[in-house]
Structures are given as structure tokens and as C-alpha cells.
Amino acid sequence: MIDDDLQNGVSGITEINEGSGLNQFVVSVGCGILAGTLAMLIGLGLKAGFDTDLANFGAAVVFVGLFVAIFTFMGFVAIGLPITWLLKAMGKETVAVYSATGAITGFLATAVIFEVHRQPTDMLLFPAVGAVAGFACAYPWGRWREGAAQRRKVAKEIVAQRRTNPIHDLTH
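Small disclaimer: the values here were computed from a predicted structure and weren't measured.

K.L.:
A description of the overall build of the protein chain should follow, citing residues and the corresponding values.
P.N.:
On a plain count of helices and strands, the protein chain comes out with five helices and zero strands. Within the protein chain, the proportion of its 172 residues that are buried is 31%. Considering only contacts within the protein chain whose residues lie at least 6 apart along the sequence, 78% involve residues at least 24 apart. With an accessible surface of roughly 10800 Å², the protein chain has 68% of that area assigned to carbon and sulfur atoms.

K.L.:
Describe a nonpolar patch on the surface, with residues and values.
P.N.:
Together, Ile70, Phe71, Phe73, Met74, Val77, Leu81 and Ile113 line one region of the surface with nonpolar side chains, adding up to about 610 Å² of accessible area. When residues of the nonpolar patch are assigned to their parent elements, the largest contribution, six residues, is made by helix α2 (residues 54-90). With respect to the helices and strands, the residue Ile70 is situated in helix α2.

K.L.:
Describe unusual backbone geometry, with residues and values.
P.N.:
Leave glycine aside and you will find that most residues have negative phi; peptide bonds, for their part, are mostly trans. Positive phi values are uncommon outside glycine, yet Glu115 reaches one of about 45°. For Glu115, the location among the structural elements is in the loop between α3 (95-113) and α4 (125-161). Note on Glu115: relative accessible area 36%, which makes it partly exposed.

K.L.:
Got a sec to walk through the packing of aromatic side chains? Specific residues and values, please.
P.N.:
As enumerated under the stated definition, the model contains 11 aromatic pairs in all. Ring geometry for Phe25 versus Phe76: centroids 4.9 Å apart, planes at 80°, classification edge-to-face. Placement of Phe25 in helix α1 (residues 21-48) and of Phe76 in helix α2 is noted, with a sequence separation of 51 residues between them. For Phe25, a relative accessible area of 15% corresponds to the buried category. Judged by relative accessible area, Phe76 falls into the buried class, the value being 5%. Ring geometry for Phe135 and Tyr139: centres 6.1 Å apart, planes at 25°, overall stacked. Of this pair, Phe135 and Tyr139 are both found in helix α4, four residues apart, which corresponds to roughly one turn of the helix. The exposure class assigned to Phe135 is partly exposed, which follows from its relative accessible area of 40%. For Tyr139, a relative accessible area of 36% gives the class partly exposed. Put simply, the rings of Phe25, Phe73, Phe76, Trp141 and Trp144 touch in pairs and so form one group of aromatic residues.

Thresholds applied
Residues numbered from 1 in each chain as written. Predicted model: local features only at pLDDT ≥ 70, side-chain atom pairs only at ≥ 80, totals over all residues. Heavy atoms only, no water. Helix = DSSP H or I, 4+ residues; strand = E, 2+ residues; numbered from the N terminus. Buried < 20%, exposed > 50% of the residue type's maximum accessible area, 1.4 Å probe, protein only. Contact = heavy atoms within 4.5 Å. Areas by Shrake-Rupley, 256 points an atom, 1.4 Å probe, with all protein chains shown as cover. Patch = residues over 30% accessible without salt bridge, like charges linked within 9 Å, V, L, I, M, F, W, Y side chains within 5 Å. Salt bridge = Lys/Arg side-chain N within 4 Å of Asp/Glu carboxyl O. Phe/Tyr/Trp six-rings, centres within 6.5 Å; stacked < 30°, edge-to-face > 60°.

In C-alpha cells form, the structure reads like this:
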């Protein structure tokens, strides 16, 4: 997606290509789901003493994977995308900001949803998984967004340095 202000006075800048946001969305959510599922399985295994048979383990992986997938997807759509818009508007798109924000909001959102403050302390597993999934989802997204922001900045500088061609500008 090319910002309109980059093209003011220029017929077109075809060099800027941020790639497919949908591909990055799928990769980011997939990373969050994998990391969250693994964290949840390890946490549940620690609580249960890893004492289970293979059939139950397969069912647990499917159930936990679906559970984590729903929360990761909804969290990215409801929290991650608005934060992306906000960080872009503020000009603060860095991997560190995205990663920290993903971990913090993953923890807090999960803690609020499961009302951890009313539960015993062993319920901290869910917010911890939310933090892991949030971080794992936000990290690749932040890398992509930081790269796109850098490319936009460079393109803007190039456009600012170009001499205008009045004849060319009249024809477009």
C-alpha cells in the first residue's frame, strides 16, 4: 500500500512494495498460535505431571490449539490491528514496541477475560500463555511493519530530493 502523500507531484512510485498484508497477518497469527499452544501444553503438562497417554495427548493438542487459535486471532483483530494503526500514526513502528505491546496486551487481555484476580494463583497459566502468544504474534508483524515504515521513510526522502519537472507535472 502506497501512501498518497508520497505521490504528490509524482506520477507514480512503483518501487515501494510493502508486500501482502494478508500473508503477514497469517504468518503472525500462525506464530502466535504455535507458541501459545506449545506454552499451554507445557503449562498443563507441568500441572498434570506429564502423565498422559498418547490418545489423550492428541486430543489435548487439538483442543488447546483451537482454544489458543480463537483467542490469538480475536486478539490480533481486536487489539493488534488498532495498535498497528496507532503506532503508524505516531511513527513508532519498531519490533521492540510491537513485541512488548503484544506480550503486555496478551497478558492483560487474557487476565481480564478469565478474571484471574478472582481465581487461585495457578490460573496465571492463562495470562502467561496470552503473553507468549501475544509476543510471538507481534514479533513477525513488528518486523514487517518496521521494514515497511523504513521503506516509506526512504521513499519520502527520495521524493523530497527529486527535482520537479514542470512539463512532466503538467501532463500528470
